[in-house]
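Observations on chain architecture
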Amino acid sequence: MAFDGITIANITSELNKNLVGCRIYKIAQPEQDELILTIKGNSTQCRLLLSADASLPLVYLTDVNKPSPLNAPNFCMLLRKHIQNARIISVTQPAFERIIRIELEHLNEMGDLCRKYLIVEIMGKHSNIIFCDEKGMIIDSIKHISGMVSSVREVLPGREYFVPNTCDKSNPLTCDETCFKQSLSTKSVSIAKAIYTSFNGISPLIAQELCYRAGVDGDYSVASLEENSYQRLWEEFAALMGQIAKEEFEPSIYYKEEEPVEYASVPLTVYDMHEKKDYESVSLLLQDYYAKKSVVTRIRQRSVDLRKIVATALERNVKKYDLQLKQLEDSKKREKYKLYGELLNAYGYQLPTGEKKVSVLNYYTNEMTEIPLEEELSPLENAKKYFDKYSKLKRTATALEALTSQTKEEIEHLESVQAALDIALKEEDLVQIKEELIETGYIKRKGVKKKEKITYIDDGRSLADMSGVSGGMHFSKQHTVSSFKAQWDTYWGAVKMMFFPMLVVVGFLLMVYLIMTLIFGIM
């Protein structure tokens, strides 16, 4: 459930009770669109988290601190310059909008007392934190919105701050019975939609809750409302708004099988069948809700790849299983081909060649059976062809019976993995599931086994072993020559072993040369 006006009203009430009169001691910006204000006063210290995240905008008191970057962003430095040690004067919610306006009092550089406003807009992807002066001019914002992005309002330094009125909604706290009925009667939509599109800060959930309390189906058209239905709906609406005006909030979370489903600052009778947990503080509620919700969300985000792999494998196996069942069904026709072959073998010598089909007596049933033939083949050749078909289908059926059983087991296994991913609440569960998928071959294990380095050592033999002769050096994967002296001894030993054979060859050639010179010299 998103932040609606009722939740904002509860937060505003809590901040007023706890922060008014306190001073801002420290300002940090741990995220690009998030601030944490450390506030001291009344002998206590607390932290106020302000988040303008597009997917999860939040405002609540917390004791948890976050690490800040070494270099503070420009917006954070600006706030430190202006409102460091500023005193909080008030916290308000303008016109029941999803806006929190924090009024601050501080001394400027000249020592004069000044007022500034820190405005937090909780509006989904349009959420922002805007810093304004006492005249309502924007000094800076955590998100800059230019005219190129929004044609309704620019959020830039030097521009005047205003709340865009694009939906023409009324303030439910100041609405009377006449205004309520007129607002609904002009809408040609469902009753629930008419309520949340007519009044500020009313979410679809609260609109459905009002219809449920009044005994009205929120999906029915406004035109179907009768006078007594209008009256009951107005009474429930007025009672809820009176409860909010008196700041009588009952923050609670509703659970379904230990997973948080919804939260609200008022009782939700729509969820009476769900488990309910009450909280004294809406800040504690938000911390608890989004902590548990973020665990489930984070696990689901981290399991996206695994879910995709399992879903793809499951889809592939289901298609393969259907195809195998179809082929298995087709293979049951083999008995017909066997019968055709037997009949053609029995009557083939009596049948003419070149016929497209023949009718012969089936000696199993004593009925005439029509057999299609190929004109180019003789009856006996057609019989052989039918026997070949029968043999092929019989082998196919035998193979398919084992394959279909194996494929069915794979489908059941993948469905169990899919169910395990749905109920996984810890990262250890995902690790176990991933390991199981690796072992079954659906995921390849990362990392390639390194090739072993092939080195050589000296074992006292000659280099001749390299050419197949016994003795000499050989290659080894287990040992490495690490010493330079060992390498030198290896090479020098090889040279010495080869030196004497070379010396004998050179001496022999020299002696031949001398003998030939002597013979030719005498002649």
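The following refers to the structure shown.

What counts, and at which threshold
- Residues numbered from 1 in each chain as written.
- Predicted model: local features only at pLDDT ≥ 70, side-chain atom pairs only at ≥ 80, totals over all residues.
- Heavy atoms only, no water.
- Helix = DSSP H or I, 4+ residues; strand = E, 2+ residues; numbered from the N terminus.
- Expected span 1.5 Å × (residues − 1).
- Buried < 20%, exposed > 50% of the residue type's maximum accessible area, 1.4 Å probe, protein only.
- Pairing = 2+ DSSP bridges.
- Axes fitted to C-alpha atoms, helices over the stretch in contact; angles between N-to-C directions.
- Contact = heavy atoms within 4.5 Å.

Focus: helix H9 (residues 334-347)
- Taking 1.5 Å per residue as the helical rise, H9 with its 14 residues ought to reach 20 Å, and the 20 Å between its terminal C-alpha atoms agrees with that figure.
- Looking only at H9, the buried set comprises Tyr337, Leu339, Tyr340, Gly341, Leu343, Leu344 and Tyr347.

What about the sheet that holds strand S10 (residues 252-256)?
- Pairing in this open sheet of three strands is antiparallel, and the strands run S11-S10-S12 from one edge to the other. Where the open sheet ends on each side, the last strands, each with one partner, are strand S11 (259-264) and strand S12 (275-278). Direction aside, neighbouring strands of the sheet carry axes that sit 30° apart on average.
- Here S10 runs beside S11; their pairing, made up of five bridges, is antiparallel. Note that in S11 the partner of Ile253 across the bridge is Tyr263.

A closer look at the environment of Pro69
- Here Pro69 shows up in the loop between strand S4 (58-62) and helix H2 (74-83).
- Along the primary structure Pro69 and Ala28 are separated by 41 residues, whereas in three dimensions their C-alpha atoms are 8.8 Å apart.

Observations concerning the pairing of strand S14 (residues 367-372)
- Pairing geometry for strand S13 (residues 357-362) and S14, over six bridges, is antiparallel. Residue Leu361 lies in a different strand from S14, and its bridge partner there is Met368.
- Taken together, S13 and the strand that follows it, S14, pair antiparallel across an intervening segment of four residues, in which Asn366 is found at a positive phi of about 60°.

Things to note about the side chain of Glu103
- Positionally, Glu103 belongs in strand S6 (residues 99-107).
- Excluding residues that lie within four positions of it along the chain, Glu103 makes contacts with Arg87, Ile88, Ile89, Ser90, Arg115, Lys116 and Tyr117.

A few points about helix H6 (residues 227-245)
- With 19 residues, H6 should cover 27 Å at 1.5 Å per step; its first-to-last C-alpha distance of 27 Å lies within 8% of that length.
- Along H6, the residues that are buried comprise Ser229, Tyr230, Leu233, Trp234, Phe237, Leu240, Met241, Gln243 and Ile244.
- On its buried face, H6 is in contact with helix H1 (5-19), helix H3 (177-185), helix H4 (191-196) and helix H5 (204-214).
- Backbone geometry just downstream of H6 places Glu247 in the positive-phi region, at approximately 60°.

Regarding the pairing of strand S1 (residues 23-31)
- Here S1 pairs with strand S2 (residues 34-41) via six bridges, running antiparallel. Bridging across to S2, Ile24 finds its partner in Ile39.
- Once S1 ends, the chain turns through two residues before running back antiparallel as S2.

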